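# Structural overview
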Amino acid sequence: MQLEIRPDPAEVGRARRWARSRLAGSGIEADEPLAETLILLVSELVTNAVVHTGSPAVLRLSLPGAEAEESTVRLEVADGSSRAPVPRCAEGDDTNGRGLALVDGLADRWGWTAEGTGKRIWCELDRCARPAQPGACAGTAAPVYEGYAAYEAV
């Protein structure tokens, strides 16, 4: 699945709506933490493409089928800029500069590749099997507080 994106900040909201609409048939519930994380990553990567390249981009999502309980969700944004993505260190009240740090902290894997005259930035989220204990993901040691898994941000 893919969505063509114009170099316009309004496209970020359209990309989020498009991604949410694609979740329905994938077996990922809209209120599932994976869905929320995916939408945030879409927002960050599309924003970077729109703001920093000034060129059209393409958003691609690879979602599991509805029956898959363990799978990987892949998100890619391809743009026409050959400039490498550069994580920045935002300070205090800075209103930008945290996008790639969020991607790094939320995605299980991410990277980028040069592609023709542009590049493709990608990230992946692993979806684990439905947990036996609510709020815990199979194979993780995240503590559970009132049904929510807690993770430490470093």
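Here goes a summary of the coordinates provided. In this text the structure is predicted, and so the values were computed from the model without any measurement. (Residues numbered from 1 in each chain as written. Predicted model: local features only at pLDDT ≥ 70, side-chain atom pairs only at ≥ 80, totals over all residues. Heavy atoms only, no water.)

### Quick word on the sheet that holds strand β1 (residues 2–5)
Test applied: The rule for pairing is simple: two strands pair if DSSP sees at least two bridges between them. A run of H or I in DSSP becomes a helix once it reaches four residues, and a run of E becomes a strand once it reaches two; helices and strands are each numbered from the N terminus. All axes here are fitted lines through C-alpha atoms, helices being fitted over the stretch that makes contact, and every angle between N-to-C directions spans 0 to 180 degrees. In this analysis, two residues are considered to be in contact whenever any of their non-hydrogen atoms come within 4.5 Å of each other.
Strands sit in the order β1-β2-β3-β5-β4 across an open sheet of five strands; the sheet is antiparallel. Each edge of the open sheet is held by one strand with a lone partner, namely β1 and β4 (109–115). On average, adjacent strands in this sheet sit at an angle of 15° to one another, irrespective of strand direction. As judged from the seven bridges shared by β4 and strand β5 (residues 118–127), these two strands associate in the antiparallel manner. From the neighbouring strand, W112 faces β5, where its bridge partner is I121. Seen against the sheet, helix α2 (residues 33–53) touches β1, β2 (57–62), β3 (71–79) and β5 and runs at an angle of roughly 15° to β3.

### Some details on a nonpolar patch on the surface
Put simply, the rule reads: By definition, no residue in a patch forms a salt bridge, and every one has over 30% relative accessible area; like charges are joined within 9 Å, nonpolar side chains (Val, Leu, Ile, Met, Phe, Trp, Tyr) within 5 Å. Computed with a 1.4 Å probe, the accessible areas rest on the Shrake-Rupley method; for each residue, only the protein chains presented here act as cover. Salt bridge criterion: a side-chain nitrogen from Lys or Arg within 4 Å of a carboxyl oxygen from Asp or Glu. Type-normalised accessible area, obtained with a 1.4 Å probe on protein chains alone, sets the label of each residue: buried when under 20%, exposed when over 50%, and partly exposed for intermediate values.
Where nonpolar side chains cluster on the molecular surface, the patch consists of L40, L102 and L106 and spans about 190 Å² of accessible area. The exposure class of L102 is partly exposed, given its relative accessible area of 32%.

### Focus on helix α1 (residues 10–23)
Buried within α1 we find E11, V12, G13, A15, W18, A19 and L23. Contacts from the buried residues of α1 go to β1, α2 and β2.

### Quick look at the environment of T117
With respect to the helices, strands and loops of the structure, T117 is situated in the loop between β4 and β5. Owing to a relative accessible area of 66%, T117 belongs among the exposed residues under this scheme. Taking C-alpha positions, T117 is 6.7 Å from S81, a pair spaced 36 residues apart along the chain. In this structure T117 touches G80, S81 and S82, once residues within four positions along its chain are discounted.

### A few points about the pattern of salt bridges
In a structure, side chains of opposite charge can pair up when their charged atoms sit close to one another. Within the structure shown, the criterion is met by ten salt bridges. The partner of E115 in a salt bridge is R120, with the nearest N and O atoms 2.7 Å apart. The exposure class of R120 is buried, given its relative accessible area of 12%. Through salt bridges that share partners, R74, E76, R109, E115, R120, E124 and D126 make up one connected network.

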